[in-house]
Structure formats: C-alpha cells, structure tokens
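A closer look at the structure
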Amino acid sequence: MPPDASTLDIIAFVWFVGSWVGFTVIQDHLLTGRNVVNQHLKIVRRHWIERMLERENRIMDSQLVGHTMHSCTFFASTNMLVLAGLIGSFGAAERAQQLVSNLSFTVQTSPQLFEIKMLLMVVIFTFGFFKFTWALRQYNYCCALIGSAPMPPVRPEDRKAIAETIGEALTLAITALNGGMRAYYFALAALAWIIGPIPLIAASSGVILVLTRRQAFSATEKVIRIQTDWLKRNDSID
C-alpha cells in the first residue's frame, strides 16, 4: 500500500472484501432450505421443468430461457464498456486525481493510492465480466439439456429425475449471473472509497443490507414464497 494509506483505509478495504465474499458464501452455499428468493426459485425451476416435460409444444420454455440469455449478454456487453472506460482513464489518471481531490467531500490522496482505488474498480468489473460470460456458457449447456429432454409421456420417476438435473443446471447458470450482477452493487460501494474509508465501510454495509432485504424480507420474497408453498403442497399430494 502507498505511504499515505492509513490503517483505516486498510480496515475499510478488508471490510469491503470480507462483506462481498461473506455474503456470496452465505447466500449461494449456506442458506439451503431457508426462506430466501434464490432458494424458493430452485423449487420453482424444478416444477417448471416438470411441466415442460408434460407438454409437446415447448416454444414458451425456449423463449423464457432465451430472454434470460439476452439479459446476460446485455450485462456482459455493458461490463465491457465500463471496463474500457476505466482502463482508458488510466491515461489521464493524474488529471483525474487532481480533479477528484479538489472536490469538497473527498479526501486528499496521493496519485498512487488513487490508482489503487481505480484498479479495484477494474478488478471488480473484470470479475463481473467473467461471471456473465460463464453464466452465458452455462445457459448454452442448459439449452442442450432442454433440447434433449424426451417428449411426453414421460414416466413420473424419470420426469422428476430429469427435472432435478435440468433445474440444477439452470440454478448454476443463474448463480453465475447473480454473481456478476452482485459485482455492480459492490462496484458502487467501492466508488465510495474515493470519498474516504468510512464511506467505503458504510457503502459496503449498505449493499449487504439492501441485498439481504431483497432476498429475505421483500414483498417479492413473500409472493414467491406463497407460490413455492403451493407447489410443495401439491407435490406432496401427487
């Protein structure tokens, strides 16, 4: 770290990384079976594939997958534009640093520390780009799985096994897509480091609160949970 990087800067950076990694691990790996949107949608996707296996016309299903793939492509393209802008800014990093330092609400930093803050943004969006492209590849794999699904009638035990497989493949693709979108949220938090280390800590904590509320305490979670509970009840009756 540059000489002017304070202990608070280091603490803020560690808090930022720890918040991102910790939320990702908890959300994607440790909340199995909990009342959060991502866990509800795993059940919804499995039932969706079961219904798909019962109908001969699967145009609607292919359109739904294609819509999500278009969203993934859009985010990946936007990510590249942001990356190009960030990398291009290094050519005028000294001028940008002077301009930012002259603002009344920012802390004075050396050019070296300013470049590290900009480099953090580049790393975040590079990570996001890899996540989006990996999600897109996994969606292509899902298309192959859906295309190879047998036509009805399908035996109930085979239908459930195929639905589990394709549903899990879709979940993996969506998990990668969520990881890329999460990078956008934390990029906004990282931008607060230009103002100072305390704003970085506050912004990182704010992102965690926003994402947690949307996953577990939002009106959307309630609506999806009602539908999921209905699917579970009907599944047990069948």
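In what follows, the structure referred to is the one given above.
Criteria and thresholds
- Residues numbered from 1 in each chain as written.
- Predicted model: local features only at pLDDT ≥ 70, side-chain atom pairs only at ≥ 80, totals over all residues.
- Heavy atoms only, no water.
- Helix = DSSP H or I, 4+ residues; strand = E, 2+ residues; numbered from the N terminus.
- Expected span 1.5 Å × (residues − 1).
- Buried < 20%, exposed > 50% of the residue type's maximum accessible area, 1.4 Å probe, protein only.
- Arc of directions from axis to C-beta.
- Salt bridge = Lys/Arg side-chain N within 4 Å of Asp/Glu carboxyl O.
- Contact = heavy atoms within 4.5 Å.

1. Here we look at helix 7 (residues 197-217)
Here helix 7 spans 29 Å end to end across 21 residues, near enough to the 30 Å set by a 1.5 Å rise per residue. Within helix 7, the full set of buried residues consists of Pro197, Leu200, Ser204, Val207, Leu211, Gln215 and Ala216. Burial along helix 7 is one-sided: seen end-on, the buried residues are contained in an arc of 130 degrees. Facing away from the buried side of helix 7 by over 90 degrees, the exposed positions are Ile198, Leu209 and Phe217.

2. What to know about the pattern of salt bridges
Two side chains that carry opposite charge are able to pair once their charged atoms sit near each other. Tallied over the entire structure, the rule returns 12 salt bridges. As a salt-bridge pair, Arg46 and Glu50 come within 3.1 Å of each other at their nearest N and O atoms. Here the residue Arg46 and the residue Glu50 both occupy positions in helix 2 (residues 37-52), the gap between them amounting to 4 residues, near one helical turn. With respect to burial, Arg46 and Glu50 carry one shared label: buried. As a salt-bridge pair, Arg225 and Glu221 come within 2.9 Å of each other at their nearest N and O atoms. Of this pair, Arg225 and Glu221 both sit in helix 8 (residues 219-237), 4 residues apart, roughly one helical turn. By relative accessible area, Arg225 is classed as partly exposed at 27%. Counted as one network, the salt bridges with shared partners bring together Arg46, Glu50, Arg51, Glu54, Arg159, Lys160 and Glu164.

3. Quick notes on the side chain of His40
By the element assignment, His40 lies in helix 2. Given a relative accessible area of 4%, His40 falls into the buried group. Those residues in contact with His40, other than ones at most four positions away along the chain, are Arg34, Asn35, Glu221, Ile224, Arg225 and Thr228.

4. Here's the deal with unusual backbone geometry
Note that the residue after Pro152, namely Pro153, is joined by a cis bond; omega there is 5 degrees. Residue position: Pro153 is located in the loop between helix 5 (111-147) and helix 6 (156-191).

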